[in-house]
Amino acid sequence: MPARRSAGCKLGIEAVFNREIRDKLTQLLAYQRDAPVWLRILTPWIGNAKLSDGKTLLEKLRQLINYKYARVTLIIDKEWMEEEADEEEKEFLRSLEDMGVRLYSAKQLHAKMTLVINGPNDREKSLIISSANLTDSGLSNLKEAGIYVLNDPAELFDKANSYFTDLLKYSEERDNE
């Protein structure tokens, strides 16, 4: 039996391009979300990107963790993390771990997805699947395309969540250095 939605719960699927992806990511990471918050991020490369509201990714995640008790899990590309990430990016990863983000690495990762589930009884679900890495250039400068989904169809969220969970089985949890 499908879950019932409150009258104020919006539904929708839309195509997003270029900086619209950053705008939707900013909405997904909004502090106004109802607790509890589960955030699952899949991106080969990640940096402390500046979002549409002027805050950085680190600031937004810190807010969600500190005030909404968000549980954040991140899977990044193993080769990038071990061989290509510069010192600033490695410091960013350490900061995420220090905040309680569970960080994993997977070989040959190319997929990019951000899934947010929040509210009592997982009332609201949001998903972005796009070509953009979570970096300043991916969210601001490059030509990118994706889809943003809010609350429906339930099968899409279930499938995205299952893919993330399956990928975790083949990923390594990063040792906090």
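Up top is the structure these notes are about.
Residues numbered from 1 in each chain as written. Predicted model: local features only at pLDDT ≥ 70, side-chain atom pairs only at ≥ 80, totals over all residues. Heavy atoms only, no water.

*Asks:* Just to check I follow, could you spell out the pattern of salt bridges for this structure?
*Replies:* Any two side chains of opposite charge can pair if their charged atoms end up close together. Per the stated rule, a full pass over the model turns up eleven salt bridges. Among the ionic pairs, K78 bridges to E82, the shortest N-O distance being 2.7 Å. Taken together, the positions of K78 and E82, both in helix 3 (residues 78-84) and four residues apart, correspond to about one turn of that helix. A residue is classified by how much of its surface remains accessible, and K78, at 12% relative accessible area, is buried. With a closest N to O distance of 3.8 Å, E87 and R94 form a salt bridge. For E87, a relative accessible area of 54% gives the class exposed. Here the salt bridges do not stand alone but share partners, grouping K78, E82 and E172 into one network. (Salt bridge = Lys/Arg side-chain N within 4 Å of Asp/Glu carboxyl O. Helix = DSSP H or I, 4+ residues; strand = E, 2+ residues; numbered from the N terminus. Buried < 20%, exposed > 50% of the residue type's maximum accessible area, 1.4 Å probe, protein only.)

*Asks:* Whenever I open this one, the pairing of strand 6 (residues 124-130) confuses me. Can you help?
*Replies:* On any regular strand, side chains alternate: one points to one face of the sheet, the next to the other face. Counting buried positions over the seven residues of strand 6 gives six, a clear majority of the element. Strand direction decides the pairing type here: strand 5 (residues 113-118) and strand 6, joined by six bridges, are antiparallel. Bridging across to strand 6, I117 finds its partner in K125. Counting the residues that bridge the hairpin from strand 5 to strand 6 gives five residues, and of these G119 lies at a positive phi of roughly 90°. Across five bridges, strand 6 lies against strand 7 (residues 145-150) in antiparallel orientation. In the sheet register, I129 faces strand 7, and the bridge partner there is I147. (Pairing = 2+ DSSP bridges.)

*Asks:* How do you make sense of empty space enclosed by the protein when you look at a structure like this?
*Replies:* Empty space among the atoms can be located by rolling a probe the size of a water molecule over them. Tallied over the full model, the rule gives one cavity of 30 Å³ or more. Considering only enclosed or pocket space, the largest cavity measures out at about 70 Å³ in volume. I21, L25, L42, K112, M113, T114, I128, S130, A132 and L134 together form the lining of the largest cavity. Looking at the lining of the largest cavity, the elements with two or more residues in it are helix 1 (19-28), strand 5 and strand 6. Classifying every residue of the lining of the largest cavity gives seven nonpolar, two polar and one charged. (1 Å grid on protein atoms, 1.4 Å probe; cavity = no way out; pocket = protein on both sides within 12 Å on 5 of 7 lines; lining within 4 Å. Points joined across faces, edges and corners; volume = space filled by probe spheres on them. Nonpolar A, V, L, I, M, F, W, Y, C, P; charged D, E, K, R; others polar.)

*Asks:* Would you mind showing me how to read the packing of helix 2 (residues 57-68) against helix 4 (residues 87-99) here?
*Replies:* Packed helices, taken two at a time, are described by the angle between their axes plus the distance between the axes. Packing of helix 2 against helix 4 leaves a shortest axis separation of 10 Å and a crossing angle of 5°. One way to sum up the angle between helix 2 and helix 4 is to call them roughly parallel. Here L57, L58, L61, R62 and I65 of helix 2 come into contact with helix 4, specifically with F92, S95, L96 and M99. In terms of residue class, the contact of helix 2 with helix 4 is built from seven nonpolar, one polar and one charged. (Axes fitted to C-alpha atoms, helices over the stretch in contact; angles between N-to-C directions. Parallel < 35°, antiparallel > 145°, perpendicular 65-115°, else oblique. Contact = heavy atoms within 4.5 Å.)

*Asks:* When you look at helix 4 in this model, what are you seeing that I'm missing?
*Replies:* Every α-helix carries 3.6 residues per turn, so stepping three or four residues along brings you back to the same face. With 13 residues, helix 4 extends 18 Å from end C-alpha to end C-alpha; this agrees with the ideal 18 Å at 1.5 Å per step. Each element contacted by the buried residues of helix 4 is listed here: helix 2, strand 3 (71-77), helix 3 and strand 4 (102-106). If you check the start of helix 4, you find a side-chain oxygen 3.1 Å away from the backbone N of E88, and it comes from D86. Looking one or two residues beyond helix 4, the residue adopting positive phi is G100, at roughly 105°. (Expected span 1.5 Å × (residues − 1). Polar contact = N/O pair within 3.5 Å; in protein donor to acceptor, adjacent residues only side chain to side chain.)

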